[in-house]
Each structure stands twice: as C-alpha cells, then as structure tokens.
Amino acid sequence: MIVKNELMDEKAIDRALTRIAHEIVEKNKGVENLCLLGIKTRGFPLASRLADKILSIEGKDIPHSEIDVTNYRDDVANDISMAKVDITPLNLKDKKVVLVDDVLYTGRTVRAAMDAIMDYGRPACIQLAVLIDRGHRELPIRADYVGKNLPTSRNEKVIVNLKEIDGRDIVLLTKNE
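Predicted, not measured: the structure shown is a model, and the values here were computed from it. (Residues numbered from 1 in each chain as written. Predicted model: local features only at pLDDT ≥ 70, side-chain atom pairs only at ≥ 80, totals over all residues. Heavy atoms only, no water.)

Asks: Explain the layout of surface pockets to me, please; I cannot follow it from the model alone.
Replies: To find the voids left in a structure, one rolls a probe of water-molecule size over its atoms. Looking at the largest pocket, its volume works out to about 320 Å³. With five residues, the top contributor of residues to the lining of the largest pocket is strand β7 (residues 156-161). Of the residues contributing to the lining of the largest pocket, the split by class is seven nonpolar, three polar and eight charged. Quantified by volume, the second largest pocket comes out at close to 190 Å³. Contributing to the lining of the second largest pocket are Arg-73, Asp-101, Val-103, Leu-104, Tyr-105, Thr-106, Gly-107, Arg-108, Thr-109 and Val-110. Listing elements by their share of the lining of the second largest pocket, those giving two or more residues are β4 (96-104) and α3 (108-120). Tallied by class, the residues present in the lining of the second largest pocket amount to four nonpolar, three polar and three charged. (1 Å grid on protein atoms, 1.4 Å probe; cavity = no way out; pocket = protein on both sides within 12 Å on 5 of 7 lines; lining within 4 Å. Points joined across faces, edges and corners; volume = space filled by probe spheres on them. Helix = DSSP H or I, 4+ residues; strand = E, 2+ residues; numbered from the N terminus. Nonpolar A, V, L, I, M, F, W, Y, C, P; charged D, E, K, R; others polar.)

Structure follows, in structure tokens:
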C-alpha cells in the first residue's frame, strides 16, 4: 500500500468537527432531544468530540454512546437472534439521533446501523455525520454533515487515525500497488 496524500492533519480534523458541531446545532434548532451514536470503532471518538464541541457551543451535555453494527452487516453471515445491540444508557424513543462515522463509502455500514437503531427503539429522526465522504455509494444513503468530500477511485483507500485509538490524528489516502 502506498500513501498518496495526507488529506487532513490534527488541525484540519478539529476544524471540520467544529463546523459539523455548529451545523448540527443549527439544523436541529438547538440540542433538545438530540443524541449522538458513534459507529464502532472510530465513530465513537468522533461522536465524543462532537459532544464536547456542542457542550462548548450550547452549554448543554449531549448524550452519546457507541453502536456496534457487526451483527447487522449484510456481508457477515450470522444468526439474527444474536443481532441485538446494546446502546444503553441512551433512550432513543422520539430522539433526534445523529449517527457518526469516520468514512462514508458504500453506505452498507450506515444501513446496518439504522437497522440496529430501529431494533432498539424508534427515534424521531436519524441524521448522519461523517468525517470523510469518499463516494461510491451502493445504497441510497447520504450524509447530512460532512467534514470533507473526497472523490476517490475504488483502488484507493481512506485511512483515518484518531489519537484515542491510533495515537495521532491524521487522514491518509492510500493506493494499492
């Protein structure tokens, strides 16, 4: 794998998340009944950072949690009876849920997350925030909030590293040899 380009550094990621936090507050006319769900693995640290930024903007804590969609993916053979997901302590009934992920690509992970959410409760609405939208959708899914739109080819890969997991914040574009 060859690194083609550094797309975002720590400051660019922080600026994108600040903008997304402001857009979330503006679109939802505040933070009433709002909660954030970060898709495991890198969506949760991004959701936590967004919650911190919204707290600094609005002065209100936003409930946020992690959601693991592994058992809901259509590319994983599983027993549907094992597919329940625990996203407590959040009560999603009638909440405005902002689903958070690092990269939006085919849309299949987001579809899996929506299936998991609907099994858990019926929110008022589900919105999507992503750090990178790289295109190539296979499902009719679009992000409501995007840090960076990045048209890519299918043989390229976007790698997001976050300090909570990887020790540093950086977004890289790589290409297979």
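Asks: Just checking my understanding: could you explain the pattern of salt bridges for this structure?
Replies: Oppositely charged side chains are able to pair whenever their charged atoms sit close together. If you walk through the whole model with that rule in mind, you get 15 salt bridges. A salt bridge links Arg-137 to Asp-133; the shortest N-O distance between them is 2.8 Å. In this structure Arg-137 comes out as partly exposed when scored by relative accessible area, which is 26%. Given a relative accessible area of 10%, Asp-133 falls into the buried group. Asp-144 serves as the salt-bridge partner of Arg-142, at 3.4 Å between the closest nitrogen and oxygen. Given the relative accessible area of 58%, Arg-142 is considered exposed. Judged by relative accessible area, Asp-144 falls into the partly exposed class, the value being 23%. Residues joined in a network through salt bridges with shared partners are Lys-27, Arg-142 and Asp-144. (Salt bridge = Lys/Arg side-chain N within 4 Å of Asp/Glu carboxyl O. Buried < 20%, exposed > 50% of the residue type's maximum accessible area, 1.4 Å probe, protein only.)

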